[in-house]
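# What the coordinates show
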Protein chains: 2
Amino acid sequence: MTTGYVHGYDAIEARRLNDQARTLEALLHADTAYPAGATVLEAGCGVGAQTVALARTSPEARITAIDVSAGSLAAAERRVRESGATNVTFRQADLFVLPFADASFDHVFVCFVLEHLADPVAVLRALGRVLKPGGTITAIEGDHGTALFHPASDTADAAIAALVTLQRRAGGDALIGRRLYPLLVEAGFAAARVSPRMVYVDASRPELVEGFIRRTFTAMVAGVREEAIRAGLIDAGRFDAGIAALHRTAEPDGVFCYTFFKAVAVRPG
Amino acid sequence: MTTGYVHGYDAIEARRLNDQARTLEALLHADTAYPAGATVLEAGCGVGAQTVALARTSPEARITAIDVSAGSLAAAERRVRESGATNVTFRQADLFVLPFADASFDHVFVCFVLEHLADPVAVLRALGRVLKPGGTITAIEGDHGTALFHPASDTADAAIAALVTLQRRAGGDALIGRRLYPLLVEAGFAAARVSPRMVYVDASRPELVEGFIRRTFTAMVAGVREEAIRAGLIDAGRFDAGIAALHRTAEPDGVFCYTFFKAVAVRPG
């Protein structure tokens, strides 16, 4: 009987993953706090992963979360309700056809959305339209080109490159993080200020070893295995070796880094 | 006559470069402050670029700076004297044959040195020997694999890769920053803690555009042009295109990132 051990292990794992989620939440969102009564648009809330954090760091702001997918929106609504937050309103809407009057919101928040868009500048302009003059837009994106690890591995690089290519073919850009500044400037925002947020993981940070290296980044890359092989971007042996090499960085002498970029800019008044 | 303009431009440039040096100094060294009377060994001071910062942030520590090169040491001594610092003693010494008794120093500081060594662990062990139990070692290194820019460029990547290869052939490792944690653990240090320091540059940070992108990073890569071409690592056209692409990132819509890694660890007591 190993049930006791397994349960114990699961509890440790659950705590690690929760610690990891809180660590990432602090890294990305701790310095975003909208004042009481401020109206905030979260553009593209998906299943609400960031909405929960947003509602927690700005508990008295009035958040409107939109997404084009009714299914995602329902999941987000459930997730936010379960978190206990009561300051979020959900609405199904297309980012390209925002159902809001000009200058409707004090602030706009957009996280892990621009990477999926063929024309992020057009969407940023549309978001600027519904933002009040003097209001801020906050944009957060990853950039897979920042993934850096020890031991280094050509096959891991190749597996990540396959993911980047697939996202580009789907019209997105998995390397968009580094471009937030020029995108915001081109979309007409002022006073853009970008701050990079690196997740650095080695064995001294156990909450991130399992949670970030294995279950976040490596799991994300592994998720495109079939599609990448089918598209002829990489063969199965090389892809699997790349995934093994990423897992290898979670060993006691391994290191893994990934950088998110957070930008805040202002709609000119 | 353009003399007035040229002088004005030079003055602006000098100020920018000084601002850049101070920005980098703050990024790398601001959190290193040894107490009054503490004995600190700077291992491999070179021409004293970091020694000046060290003496400034720990004005009452007693710093011993060593280097194997008498010429570098003389330059470092001059530089430190000109900075006004009086708490540094210089001594010519080989890192592999340290002329100090066991447990001679309260702290050890080593910056931009390990990247040039074929066996950094052996040197770290040697430094551990002269460190008192409970004393700290601080190590700072860059990692050229962290260079990230917009617009992205294959030729810039190739020029950087040539530099990395040359450094490897010379016995060093230009990608050592990411490895500080396992190196310190392997050398027997305890409680190693690494913090990455990213230099992020876009047009909103003019002090770094010229000073860091052009005169620090790009100049460093450009410096190996002849050697890289002679070694057959890259042809002249491709190398020059890579350098042009790096300069391109200093334009108003460009972005450039580079990460240094700073580690602090303890000699077990």
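Turning to the overall build of chain A, a few remarks are in order. Scanning chain A for helices and strands turns up nine helices and eight strands. Against the 2.2 N^0.38 benchmark of 18 Å for 269 residues, chain A shows a C-alpha radius of gyration of 20 Å, consistent with a compact globule. In terms of its C-alpha atoms, chain A occupies a principal-axis envelope of roughly 60 × 45 × 30 Å. Considering only contacts in chain A between residues 6 or more positions apart, those separated by 24 or more positions represent 80%. When the accessible surface of chain A is totalled, it reaches about 11,500 Å², and 54% of it is carbon and sulfur.

This structure, assessed with the given rule, holds 20 aromatic pairs over all chains. Note on A:Phe261 and B:Tyr200: the rings are 6.3 Å apart at their centroids and 55° apart in plane angle, and the pair reads as tilted. Placement of A:Phe261 in strand β8 (residues 255-266) and of B:Tyr200 in strand β7 (residues 190-201) is noted, with the two residues assigned to different chains. Residue A:Phe261 shares its accessibility class with B:Tyr200, and that shared class is buried. Taken together, the aromatic side chains of A:Phe112, A:Phe149, A:Phe212, A:Phe217, A:Phe256, A:Tyr258 and A:Phe260 make up a single cluster linked through ring pairs.

On to the relation of the copies chain B and chain A. Expressed as a screw transformation, the operator carrying chain B onto chain A has a rotation angle of 180° and an axial translation of 0.0 Å, and the superposed copies differ by an RMSD of 0.0 Å. Taken together, the rotation angle and the small translation identify this as a two-fold axis. Of the C-alpha atoms belonging to chain B, the one lying closest to the rotation axis is found on B:Thr146, 3.4 Å away. The overlap is high: 100% of the interface residues of chain B also sit at the interface in chain A, so the same surface is used on both sides.

The next point concerns the confidence of the model for chain A. All names here are of chain A. Per-residue confidence for chain A averages 93 on the pLDDT scale, and 94% of its residues sit at or above 70. Low pLDDT, under 50, characterises residues 1-7; the stretch is placed with zero contacts to residues that sit more than four places away or in other chains. Interface confidence for the predicted complex, expressed as ipTM, amounts to 0.91; the pTM equals 0.93.

Here we take up the interface of chain B and chain A. Listed as interface residues are 27 residues of chain B and, on the opposing side, 27 residues of chain A. Surface buried jointly by chain B and chain A totals about 2,200 Å² across both partners, of which 65% is contributed by carbon and sulfur atoms. Counting every contact that joins chain B to chain A gives zero salt bridges. For the pair chain B and chain A, the interface holds six residue pairs in polar contact (both at pLDDT 80 or more). Every element with two or more residues in the side of chain B that touches chain A is listed here: β6 (148-150), α6 (180-186), β7 and β8 (255-266) of chain B. Residue contributions to the side of chain B that touches chain A peak at six residues, all from β7(B). Classifying every residue of the side of chain B that touches chain A gives 15 nonpolar, five polar and seven charged.

So, about unusual backbone geometry. Both trends apply: most residues other than glycine have a negative phi, and most peptide bonds are in trans. Across the junction of A:His150 and A:Pro151, the peptide omega takes the value 0°, indicating a cis bond. Residue placement: A:Pro151 occurs in the loop between β6 (148-150) and α5 (154-169). With phi around 60°, A:Phe112 is a residue other than glycine that occupies positive phi space. By secondary structure assignment, the location of A:Phe112 is in the loop between β4 (105-111) and α4 (120-130). Even without being a glycine, B:Ala191 presents a positive backbone phi close to 55°. Looking at B:Ala191, the relative accessible area reads 62%, which means it is exposed.

We now examine the pattern of salt bridges. The tally for this structure, following the rule as stated, stands at 28 salt bridges over all chains. Close ionic contact of B:Asp106 with B:Lys132 constitutes a salt bridge, the shortest N to O distance being 2.9 Å. A residue pair is termed long-range when its members are at least 10 positions apart, and B:Asp106 in strand β4 (residues 105-111) and B:Lys132 in strand β5 (residues 131-141) qualify at 26 residues. Among the charged side chains, a network of salt bridges with common partners joins A:Glu210, A:Arg214, A:Arg215 and A:Glu251.

So, on to the packing of α5(A) against helix α7 (residues 206-222) of chain A. Residue and element names in this part refer to chain A. Running from N to C, α5 and α7 point in directions that differ by 70°, and their axes come no closer than 9 Å. By the angle class used here, α5 and α7 are roughly perpendicular. Every pair of crossing elements has a handedness; the one defined by α5 and α7 is left-handed. Within the contact between the two elements, α5 uses Ala-159, Ile-160 and Leu-163 and α7 uses Phe-217, Met-220 and Val-221. Of the residues that constitute the contact of α5 with α7, the class distribution is six nonpolar, no polar and no charged.

This part takes up the nonpolar core. With 78 residues, the main nonpolar core has A:Leu127, A:Ile137, B:Leu127 and B:Ile137 as its most contacted residues. Not counting chain neighbours up to four residues away, the residues in contact with A:Leu127 comprise A:Leu41, A:Ala43, A:Leu98, A:Val108, A:Val110 and A:Ile137.

What follows concerns the side chain of A:Glu115. All names here are of chain A. Residue placement: Glu-115 occurs in the loop between β4 and α4. The charged side chain of Glu-115 is buried without a salt bridge, its nearest counter-charge being Arg-179 at 11 Å. One polar contact links Glu-115 to Gln-167, side chain to side chain, over a distance of 3.0 Å. Residues contacting Glu-115, with those up to four places away along its chain left out, are Glu-141, Gln-167, Gly-172, Asp-173 and Ile-176.

What counts as what
Residues numbered from 1 in each chain as written. Chains lettered and ligands numbered in written order. Predicted model: local features only at pLDDT ≥ 70, side-chain atom pairs only at ≥ 80, totals over all residues. Heavy atoms only, no water. Helix = DSSP H or I, 4+ residues; strand = E, 2+ residues; numbered from the N terminus. Rg over C-alpha atoms; globule rule 2.2 N^0.38 Å. Contact = heavy atoms within 4.5 Å. Areas by Shrake-Rupley, 256 points an atom, 1.4 Å probe, with all protein chains shown as cover. Phe/Tyr/Trp six-rings, centres within 6.5 Å; stacked < 30°, edge-to-face > 60°. Buried < 20%, exposed > 50% of the residue type's maximum accessible area, 1.4 Å probe, protein only. Least-squares fit on C-alpha atoms with pLDDT ≥ 70 in both. pLDDT = per-residue confidence, 0-100. Buried area = accessible area lost by both parts, 1.4 Å probe. Salt bridge = Lys/Arg side-chain N within 4 Å of Asp/Glu carboxyl O. Polar contact = N/O pair within 3.5 Å; in protein donor to acceptor, adjacent residues only side chain to side chain. Nonpolar A, V, L, I, M, F, W, Y, C, P; charged D, E, K, R; others polar. Axes fitted to C-alpha atoms, helices over the stretch in contact; angles between N-to-C directions. Parallel < 35°, antiparallel > 145°, perpendicular 65-115°, else oblique. Left-handed = near helix turned anticlockwise from the far one by under 90°. Core = buried A, V, L, I, M, F, W, Y, C linked by side-chain atoms within 4.5 Å. Lys, Arg positive; Asp, Glu negative; His and termini not counted.

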